[in-house]
Amino acid sequence: MLRGLNQERIVFTIAVVLFVLFSVLLPGFLSAGNLLSLIQNVSILGILGVAMAIAIIGRGIDLSILSTMPVSAAWLLTLVNGGMPIGLAFVCALGFVIAVGIINGTLIAYVEIPAIFATLAMGIVVYGFGKAFMTPIDAVYTGRGESWFYAIGSGRVLGIPSPVIVFALVAAAAFLFLRTLKPGRFIYGMGDNPLAARVTGIPVRPMIILQYVIISIIALIAGIVMATALAGINTRLALSTMVYDVILVVVLGGIGLAGGKGGIRNVVVGTLLIGILLNGMTIMNLTYTVQSILKSVILLLAIVADTLLNPRDEQTAQHGDI
Amino acid sequence: MNALIEMRQVTKAYRGVPAVTKVDFVLREGEIHALLGENGAGKSTLTKMMCGVTLPTSGEMFLSGAPFRFETPAEALENGIAMVFQETSLVPSMTVAQNLYLGDERLFNRIRGLNIAAQTFLQSLNFNVNPTALVSALGAAHKQMVEIARAVRKKVRVIIFDEPTAALTPEEKHHFFALVRRLKQSGVSIIFISHALEEALAIADRITVLRDGEIVASDDAGAFDRDRIIRAMVGRSLSGSLYRREAGQAARPVGEKVLSVQNVSMGSIVRNTSFSIYSGQVTGMFGLIGSGRTEAAKIIAGVAKRNFFNGGEVRLHDRSVRYRVPRQAVADGIVYVTEDRKLEGFFETMTIPENLYMGALAAGTAGGMLVDMAEMRAIAAEWTRTLNVRAINPNARVIELSGGNQQKVVIAKSLVQKPKIIIFDEPTRGVDVGAIAEIHQFINGLADQGLAVVVISSYLPEIMNLSDRILVCRSGRVVEEFGPDEATEEKIMYAAVH
Ligand SMILES: Nc1ncnc2c1ncn2[C@@H]1O[C@H](COP(=O)(O)OP(=O)(O)OP(=O)(O)O)[C@@H](O)[C@H]1O
Ligand SMILES: [Mg+2]
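Residues numbered from 1 in each chain as written. Chains lettered and ligands numbered in written order. Predicted model: local features only at pLDDT ≥ 70, side-chain atom pairs only at ≥ 80, totals over all residues. Heavy atoms only, no water.

J.: Requested: an account of helix 1 (residues 43-50) of chain B, with residues and values cited.
T.: Each turn of an α-helix holds 3.6 residues, which means side chains three or four residues apart point in the same direction. Residue and element names in this part refer to chain B. Within helix 1, eight of the eight residues are buried, leaving the element largely enclosed by the surrounding structure. Residues of helix 1 that are buried: K43, S44, T45, L46, T47, K48, M49 and M50. Taken from the residues just after helix 1, G52 is the one with a positive phi, measuring 80 degrees. (Buried < 20%, exposed > 50% of the residue type's maximum accessible area, 1.4 Å probe, protein only. Helix = DSSP H or I, 4+ residues; strand = E, 2+ residues; numbered from the N terminus.)

Have a look at this one:
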């Protein structure tokens, strides 16, 4: 009977319980305005979560997305503010993130640097490069430009805030990619057993490059949403701890760090819980420190519950992951 | 003799499906007890309950008369029960010596002391393994020897060996059996799981046969012969010619020369070896450990990383091919079926259909850019039927299958790639007698269809039975070639050793 209880369902249940609790206990939580701002705030986290999920499912990780996102978006705004047409500026930014993805992928696949170090270093490089050559000032604000562009982050469709719609679109596209496209299946195979993937004849190294290019493009999308929603973006975001929130969303949803497990549904569930939690804690006026402690306790609880309910193959479990 | 371990009415069910049902089993003090049965009969499951890897769903277990329930292998070890698992459980990034003493380190280990101790110990077992080598660099046989040594070192009362000989060549098997006899003399009780019935008959004091999770026969070894064991295992008798070429069956005619290997070297493992492979034939490759058979195959199929590739040429038809990655070889129809299924064979969190489909997608023999679920199910249905793969549950992940069934999945995953040249490395490792016959028949069928088939095996009868040509390897190169009529076991062994 307990078998049906995997981490995804546990987290979903916790999210529902929290939602009910907050609705009853916190005045104003259930108001339409609050609910909308709740989903809007976590949309960017969710979009980045999708990118991180694609990395982790393939037994990688991308710590550079938190640099790629603000730097590419800030550059786009700088170009537009300098008079470049939006379409052209977008193509430039797209070219930039694709280059970042290719470099990440090449370092990991061909130079064989572990993903965590390659992307950590690349994050610093992107931030530094951006500051030196692309956007000399930290905070870039949206200036002139067409209104449709600003609507990406601040508009509404049928009353739904557009960041939520972008999150839904990105999640749906990633879901279809991972589930129904050949490269998506290959990424699962590489996450499950990289050696077997290679021997089976999967083009492992080109797939790794594709993987990190897709991740960088999603980071650009998140950056555009953020910049247009807040009417500007600050590249110092690269120095924040937001990347841990992104990993939290992914791991909390039940995508194992060992790779090969989970999917986009897990990201959505993880985002939901973190969203409700952050919103509730903000209404309660908790300090940043207390918020961090609560977040980490919840992460630990979810992982412990998952290990207890779904022991891995006993033989492997006894001898550790090898 | 007293019962050391006794199991009464023990049942183990996975998700409600029993893998072992109401078993009464007794291990006596100081005996060698062979546990036999088909793939998935429940041998591993039964023994895993004794050594703390899994707990029984119901039933009682007694150790020297006292009831026990071990939650962890460490607890079982404290009580004197050790197990050597079917799949390797060594830490690849550590040396042999470090693996041997894993868990017993003192706070400050002197590496040199550790290596010397390991060397002395391995030598006392007659195991020729370098204690300073990294485990990841060892072949399957050496890994198995380290596993065995690790269990023996623990000084326990009971050692359970789960298919210890599957990866060993005759020479190492000989040392292993000598070791088992010495252990018995020093009072250790032994459970020995194997698919090699001759081995069980030769070494065991008592034999227990499992079928579908139940004990169907348990008696003194003297009361069994090969035929009685097989009848108990499968419930009927099989034709006796399992390992013998059908009388009068001629070798297949030599087909087109599809692949030639010329003066290929790789480090000190493959040394300037040359040989050819023909279509419509089974080419057997025999050799002792370290003779470079697996490595030569891995060079051909692009599995060996090329920075180790030190010269020589591989020609496919008239084209020179030096594959950097297996993908290129697979695209050209050359497929290597690995000897180490857990390490580089299957995808463990995936189901059987997903595993097979992954092979088809990678080779482009199924699906386009899109995944086709119906096609995936059809492929799985076809191959599980052809190779008779058995799982408790159709959606079981491959890690939950028994060892022999995992092997069949790996073979099927390679065959869905529709290769023209297929290299089987120890294809029947961990596979039961009935299934060995099926797989052999199947391999013969592939050659009849015109494929170039290579079989690497350490088991001479398997080589003799299957091959139209036999290549013998020694110290990194092919040293001799036999036709099927001229080959005898003595000649082959002589060529392999001298
Ligand atoms: N962790 C698991 N989860 C689910 N089913 C399992 C698990 N482990 C084993 N089984 C099932 O239990 C049955 C018995 O498996 P077991 O490994 O004991 O067979 P075996 O006799 O050792 O076979 P082999 O000779 O192939 O190694 C098989 O049908 C297998 O699929
Ligand atoms: Mg087994």
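We are not done yet, so read on.
J.: Help me get a handle on the site of ligand 1, residues and values and all.
T.: Residue and element names in this part refer to chain B. By nearness alone, 19 residues border ligand 1, and G40, K43, S44, T45 and G404 come closest of all. S402 places a polar side-chain atom, nitrogen or oxygen, 2.8 Å from an oxygen atom of ligand 1. When contributions to the shell around ligand 1 are tallied by element, the ones reaching two or more residues are helix 1 and helix 14 (403-415). Ranked by the residues each element gives to the shell around ligand 1, the list is headed by helix 1, at three residues. A per-class count over the shell around ligand 1 returns five nonpolar, ten polar and four charged. Viewed by domain, the shell around ligand 1 spans two of them, domain 1 (3-234) and domain 2 (257-497), each represented by three or more residues. (Near = heavy atom within 4 Å. Polar contact = N/O pair within 3.5 Å; in protein donor to acceptor, adjacent residues only side chain to side chain. Nonpolar A, V, L, I, M, F, W, Y, C, P; charged D, E, K, R; others polar. Domains from an automatic or database assignment.)

J.: If you had to explain the coordination of the magnesium ion (ligand 2) to someone new, which residues and values would you point to?
T.: Each donor-metal-donor angle would ideally measure 109.5 degrees in four-coordinate tetrahedral geometry, or 90 or 180 degrees in six-coordinate octahedral geometry. Residue and element names in this part refer to chain B. Distances from the magnesium ion (ligand 2) to its protein donors, S44 (OG) and Q86 (OE1), fall within 2.0 to 2.3 Å. Of this pair, S44 sits in helix 1 while Q86 sits in the loop between strand 6 (81-84) and helix 3 (96-100), and the two are 42 residues apart along the sequence. With respect to class, S44 is no different from Q86; both count as buried. (Donors = N, O, S within 2.8 Å, 3.2 Å for Na, K, Ca; no water.)

J.: Describe the sheet that holds strand 10 (residues 214-220) of chain B, with residues and values.
T.: Two orientations exist for strands paired in a sheet by backbone hydrogen bonds: parallel and antiparallel. All names here are of chain B. One open sheet holds the six strands; their spatial order is 6-7-8-3-9-10, and the pairing between them is mixed. Because the sheet does not close on itself, it has two edges, and the strands there are strand 6 and strand 10. Going from strand to strand, the sheet's axes swing by 15 degrees on average, the running direction of each strand aside. Pairing between strand 3 (residues 32-37) and strand 8 (residues 189-193): four bridges, direction parallel. Residue pairing across strands places A34 opposite F192, the latter belonging to strand 8. Across the face of the sheet, helix 8 (residues 226-234) comes into contact with strand 3, strand 9 (206-211) and strand 10 while running at roughly 30 degrees to strand 9. (Pairing = 2+ DSSP bridges. Axes fitted to C-alpha atoms, helices over the stretch in contact; angles between N-to-C directions. Contact = heavy atoms within 4.5 Å.)

J.: Explain the packing of helix 11 (residues 242-253) of chain A against helix 12 (residues 264-283) of chain A to me, using residue names and the numbers behind them.
T.: All names here are of chain A. It is at 7 Å that the axes of helix 11 and helix 12 come closest, and there the two elements cross at 115 degrees. The hand of the helix 11/helix 12 crossing is right-handed. Between helix 11 and helix 12, the residues in contact are L248, V249, L252 and G253 and N266, V267, G270, T271, L273 and I274, respectively. For the contact of helix 11 with helix 12, the residue count by class is six nonpolar, four polar and no charged. (Left-handed = near helix turned anticlockwise from the far one by under 90°.)

J.: Mind laying out unusual backbone geometry, listing which residues take part and the relevant values?
T.: All names here are of chain B. In this structure, N263 takes a positive phi of about 50 degrees despite not being glycine. Residue placement: N263 occurs in strand 11 (residues 257-266). Although it is not a glycine, N388 adopts a positive phi angle of roughly 55 degrees. Relative to the elements of secondary structure, N388 occurs in the loop between helix 13 (373-386) and helix 14. What makes N388 partly exposed here is its relative accessible area of 34%.

J.: Hey, could you go over the interface of chain B and chain A for me, with residue numbers and the actual values?
T.: As a measure of interface size, the accessible area lost when the parts come together is often cited. Counting residues at the interface gives 46 residues for chain B, matched by 31 residues for chain A. Here chain B meets chain A over a buried area of about 3,300 Å², counting both sides, of which 58% is carbon and sulfur. On the chain B side of the interface with chain A, the three residues burying the most area are R327, F347 and M369 of chain B, jointly 15% of the side's total. Applying the counting criterion to the chain B and chain A interface returns one salt bridge. The salt bridge involving E354 of chain B is made with R185 of chain A; its shortest N-O contact spans 3.8 Å. Mapped onto the side of chain B that touches chain A, the elements with two or more residues apiece are helix 10 (326-331), helix 11 (341-344) and helix 12 (352-363) of chain B. Looking at which element gives the most residues to the side of chain B that touches chain A, the answer is helix 12 of chain B, with five residues. Looking at side-chain class alone, the side of chain B that touches chain A contains 24 nonpolar, ten polar and twelve charged residues. (Buried area = accessible area lost by both parts, 1.4 Å probe. Salt bridge = Lys/Arg side-chain N within 4 Å of Asp/Glu carboxyl O.)

J.: Outline the side chain of S67 of chain A, listing residues and values.
T.: All names here are of chain A. With respect to the element layout, S67 can be found in helix 3 (residues 65-81). We classify S67 as buried; its relative accessible area is 4%. If we ignore the near neighbours within four places in the chain, the residues touching S67 are G123, V126, Y127 and A238.

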